[in-house]
Amino acid sequence: MSRRPLLIVALLIVILAGGVGTFWWYAGAGVDSTTPVPGTVIGGPFTLTDDTGRTVTERSWPGKYLLIYFGYTSCPDVCPTDLQTIAKALDELGGKADAIQPLFVTIDPVRDTPGQMAAYVKAFTPRLRGLTGTPTQIRAMAKAYRVYYAKHPDPGGNGSDYSMDHSAFIYLMAPDGHFDTIYPGTTSPDMLATDLAKRIKG
Ligand code: NI
């Protein structure tokens, strides 16, 4: 799945879903991306299962910023690239990275069991935690974060073979649980690290 159609779909979803302009504010010259956009709410409570089988919620990492990316472990290219970006950016941040908990949330919970998530995330950085859940739990969180995803059957497959279309953004949530900003998955590690360094306090 190439990036461009996904990005366009993702942008449409983000715009339609709430009139967000956060991404556009971010892209716009001189406009601070923290400018509140009336009526926009991204994020909220969630209950999921981490890669050790433990139940987790948005309160499971008190005092930390959450850097959240949605995808799935069989993703051929986009997810691995974007997770590499997150891992590299956190390395570049040095000590400041300790204030950030990176989370990889699957939008393919049927195949992405906790064990599968554990094996996958450790290839990127030991900091990264993989979260899965029931399809209902995942759907609820994806809705709260305005994440688009859809099953894409493999035409030559036997029905169990499929890929997932999904939007690819990196969300930064503040320690108090509020939405801070969003980055396109295509952001470079340097740019991500630079912007995170400005936002992370302490
Ligand atoms: Ni992916």
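Each remark here, short or long, concerns the structure printed above.
Below is a short write-up of the structure. Since the model is a prediction, treat every value here as computed from it, not as a measurement.

Rules used throughout
Residues numbered from 1 in each chain as written. Predicted model: local features only at pLDDT ≥ 70, side-chain atom pairs only at ≥ 80, totals over all residues. Heavy atoms only, no water. Helix = DSSP H or I, 4+ residues; strand = E, 2+ residues; numbered from the N terminus. Contact = heavy atoms within 4.5 Å. Salt bridge = Lys/Arg side-chain N within 4 Å of Asp/Glu carboxyl O. Buried < 20%, exposed > 50% of the residue type's maximum accessible area, 1.4 Å probe, protein only. Donors = N, O, S within 2.8 Å, 3.2 Å for Na, K, Ca; no water. Pairing = 2+ DSSP bridges. Core = buried A, V, L, I, M, F, W, Y, C linked by side-chain atoms within 4.5 Å.

Right, let's get into the overall build of the protein chain. Assigned secondary structure in the protein chain consists of six helices and nine strands. Of the contacts made within the protein chain by residues no fewer than 6 positions apart, 67% connect residues no fewer than 24 positions apart.

The next point concerns the pattern of salt bridges. On inspection of all chains with the given rule, the structure shows seven salt bridges. In this structure, the salt-bridge partner of Arg54 is Asp50, at a minimum N-O distance of 3.2 Å. Residues Asp51 and Arg129 are paired through a salt bridge, measuring 3.1 Å at the closest nitrogen-oxygen approach. Residue Asp51 is found in the loop between strand 1 (47–50) and strand 2 (55–57), and its partner Arg129 is found in strand 5 (residues 129–132); the two are separated by 78 residues along the sequence. On the basis of relative accessible area, Asp51 is assigned to the buried category, the value being 7%. Its relative accessible area of 24% is what places Arg129 among the partly exposed residues. Several salt bridges share partner residues, and in doing so they unite Asp180, Asp195 and Arg199 into one network.

This brings us to the coordination of the nickel ion. Within the protein, Cys75 (SG), Cys79 (SG) and His166 (NE2) serve as the donor atoms for the nickel ion, at 2.0 to 2.2 Å. We note that the donor set of the nickel ion lies within a single chain, spaced as C-x3-C-x86-H.

Right, let's talk about the pairing of strand 9 (residues 179–184) for a bit. Most of strand 9 is tucked away, with five of its six residues classed as buried. The turn joining strand 8 (residues 169–173) and strand 9, which pair antiparallel and follow one another in sequence, is formed by five residues; a positive phi near 95° is taken by Gly177.

It is worth spelling out the nonpolar core at this point. Residues Ile68, Tyr69, Phe70, Phe104, Tyr145, Tyr171 and Leu196 are the most contacted members of the largest nonpolar core, which totals 53 residues. When residues of this core are assigned to their parent elements, the largest contribution, seven residues, is made by helix 3 (residues 78–93). When near neighbours in sequence (up to four residues on either side) are disregarded, Tyr145 contacts Ile42, Gly43, Gly44, Phe46, Ile68, Phe70, Tyr171 and Met173.

Shape is all these values report; function is a separate question.
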